[in-house]
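Examination of the molecular architecture
Given next are the chains, with one letter for each unit.
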Amino acid sequence: GKSTLMQRIGVYIHEKQIPSYVINLDPAVSKLSYGCNIDIRDTVNYKEVMKQYKLGPNGGIMTSLNLFATKFDQVIDLME
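Reading the values: the criteria
One numbering rule holds for all chains: residues counted from 1, following each sequence as written. Per-residue local features of the predicted model are confined to residues with pLDDT of at least 70, and side-chain atom pairs are confined, for both listing and counting, to 80 or more; whole-chain, interface and lining totals are unaffected and use all residues. Side-chain descriptors were evaluated using all non-hydrogen atoms of the structure, hydrogens and water having been removed beforehand. Secondary structure elements follow DSSP: runs of H or I no shorter than four residues count as helices, runs of E no shorter than two count as strands, and numbering proceeds from the N terminus. Throughout, exposure labels follow a simple rule: accessible area from a 1.4 Å probe, protein chains only, divided by the maximum for the residue type, with under 20% read as buried, over 50% as exposed, and the rest as partly exposed. Working rule for contacts: check all heavy atoms of both residues, and any pair within 4.5 Å makes them a contact. Calculation of accessible area relied on Shrake-Rupley with a 1.4 Å probe; when residues are assessed, cover is drawn exclusively from the protein chains displayed. When charges are counted, Lys and Arg are positive and Asp and Glu negative, with His and the chain ends excluded. Throughout, a charge is located at the NZ atom of Lys, the CZ atom of Arg, the CG atom of Asp or the CD atom of Glu. Within this scheme, the nonpolar core is defined by two criteria: the residues are buried Ala, Val, Leu, Ile, Met, Phe, Trp, Tyr or Cys, and they are joined through side-chain atoms within 4.5 Å. Pairing of aromatic rings covers Phe, Tyr and Trp, the last counted by its six-membered ring, and requires centre-to-centre distances within 6.5 Å; plane angles under 30 degrees mean stacked, over 60 mean edge-to-face, and any other angle means tilted. Here, a salt bridge means any side-chain nitrogen of Lys or Arg that lies within 4 Å of a carboxyl oxygen of Asp or Glu.

Concerning the overall build of the protein
Counting its regular elements, the protein contains 4 helices and 2 strands. The linear arrangement of helices and strands in the protein, starting from the amino end, is α-β-β-α-α-α. The principal-axis extent of the C-alpha atoms belonging to the protein is close to 45 × 30 × 15 Å. For the protein, with 80 residues in total, the buried portion stands at 24%. Considering only residue pairs separated by 6 or more positions, the protein has 33% of its internal contacts joining residues 24 or more positions apart. Carbon and sulfur atoms make up 54% of the accessible area of the protein, which totals about 6000 Å². Here the protein holds 9 positive side-chain charges and 8 negative ones, and the gap between their average locations is 11 Å.

Following this line, the structure appears as structure tokens:
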């Protein structure tokens with residue numbers, strides 16, 4: 001569902017030539033069906049987070065997102 005939605009939004013913004021940045025916030029996805037400018041997987045290793053903090057899949061995703069959020073100022077800098 002979410003990936004299909006993002007793929008369709010990507011096609012739409014490309015067709016309409018709308019300037020945009022696409023950010024992947026799913027650290028557990030193995031393959032994206034759309035291109036993104038910024039990918040959480042480049043910053044946070046979901047499986048390592050699960051091991052390090054002894055978490056299950058949902059806890060690993062939430063902790064990965066929290067870790068990424070601590071670096072979001074760097075994401076903003078990339079987009080400016």
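Here the narrative resumes, following the displayed structure.
Focus: unusual backbone geometry
The phi torsion at Q17 lies on the positive side, around 55°, for a residue other than glycine. For Q17, the location among the structural elements is in the loop between α1 (2-15) and β1 (23-24). Under the relative-accessibility criterion, Q17 is labelled exposed at 68%. Despite not being glycine, K54 has its phi angle at roughly 55°, a positive value. Tracing the sequence through the fold places K54 in the loop between α2 (46-53) and α3 (57-69).

Remarks on the nonpolar core
In globular proteins that are soluble, nonpolar side chains generally tend to be buried together. Membership of the largest hydrophobic core is limited to 6 residues, which are I38, I40, V44, V49, F68 and V75. Setting aside residues no more than four positions away along its own chain, I38 makes contact with V22, I23, N24, F68, V75, L78 and M79.

Overview of the packing of aromatic side chains
Tallied over the entire structure, the rule returns 1 aromatic pair. A ring pair is formed by F68 and F72, whose centres lie 6.0 Å apart and whose planes are at 80°; its orientation type is edge-to-face.

A short note on the pattern of salt bridges
Within the structure shown, the criterion is met by 2 salt bridges. With a shortest N-O distance of 2.6 Å, D39 and R41 are connected by a salt bridge. Among the residues examined, D39 registers a relative accessible area of 8% and is labelled buried. Residue classification places R41 among the partly exposed residues on the basis of a relative accessible area of 30%. Measuring nitrogen to oxygen at the nearest pair gives 3.9 Å for the salt bridge that ties K51 to E48. Taken together, the positions of K51 and E48, both in helix α2 and 3 residues apart, correspond to about one turn of that helix. You can call K51 exposed: its relative accessible area is 59%.

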